[in-house]
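# Remarks on the overall topology
Spelled out, the chains give:
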Amino acid sequence: EAGVAQSPRYKIIEKRQSVAFWCNPISGHATLYWYQQILGQGPKLLIQFQNNGVVDDSQLPKDRFSAERLKGVDSTLKIQPAKLEDSAVYLCASSRWGNYNEQFFGPGTRLTVL
Amino acid sequence: SQQGEEDPQALSIQEGENATMNCSYKTSINNLQWYRQNSGRGLVHLILIRSNEREKHSGRLRVTLDTSKKSSSLLITASRAADTASYFCATEHLRGAQKLVFGQGTRLTINP
């Protein structure tokens, strides 16, 4: 089966600009996650969707970050305006709904904010 | 905030040796998972151990879980250069709705 797809792979922007990332999960996976991974750290969950509903967005900086999952398939994550500290890799993952399910990760988008 | 803490932060061994990484966590869990991340790439799931399991094997991997000590270990036997990567433990809390909380990771380097 095809894996989780993400685009773009790399993005360089200046602070205060906006940026959007796209994710296409594995077909049939109801749950989709966006993580932020700062260099040298583990991934931090930003938002979790089940189908097109939000399960957890407690660590999403809602003043500048937004995410949507229209029709319960693809998802976009947006940052507006970007800050220097947003420089990180943004990972998308998906899984089947239910307990004891592994998450499948995409290759990530490396964002550099100058 | 991160749930797990991994130890050591970095580990360098010779090819063929065994590598052991440890993970400690703070609250009761549903399951614990280990992931590998090669430089510049996404994470790959290695193994999942449920809270009622004590040990699990997959190929050259052996995972143990001690819920009384809130700790887990990952053993990679007969290491290979291709095992060079960062390894992360991730915990799913009870009633965590599939939310995983990742540790800081162990950077493993296998020297030829």
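Calculation rules
Residues numbered from 1 in each chain as written. Chains lettered and ligands numbered in written order. Predicted model: local features only at pLDDT ≥ 70, side-chain atom pairs only at ≥ 80, totals over all residues. Heavy atoms only, no water. Pairing = 2+ DSSP bridges. Helix = DSSP H or I, 4+ residues; strand = E, 2+ residues; numbered from the N terminus. Axes fitted to C-alpha atoms, helices over the stretch in contact; angles between N-to-C directions. Disulfide = S-S within 2.5 Å. Buried < 20%, exposed > 50% of the residue type's maximum accessible area, 1.4 Å probe, protein only.

Residue and element names in this part refer to chain B. The strand order 1-3-8-7-6 describes an open sheet built from five strands, whose pairing is antiparallel. The outermost strands of the open sheet, each flanked by one partner alone, are strand 1 (5-7) and strand 6 (55-58). In this sheet, neighbouring strand axes are inclined to one another by 15 degrees on average, regardless of whether the strands run parallel or antiparallel. In this sheet, strand 3 (residues 19-24) lies alongside strand 1 in antiparallel orientation, the contact comprising three bridges. Looking across to strand 3, one finds that glutamate 5 is bridged to serine 24.

All names here are of chain A. The full count for this structure, using the stated rule, is two disulfides over all chains. Note on cysteine connectivity: cysteine 23 is disulfide-linked to cysteine 92, with sulfurs 1.9 Å apart. Measuring handedness by torsion sign, the sulfur bridge of cysteine 23 and cysteine 92 sits at about -70 degrees and is left-handed. Placement of cysteine 23 in strand 3 (residues 19-24) and of cysteine 92 in strand 9 (residues 88-95) is noted, with a sequence separation of 69 residues between them. Taken individually, cysteine 23 and cysteine 92 each receive the classification buried, so the pair is uniform in this respect.

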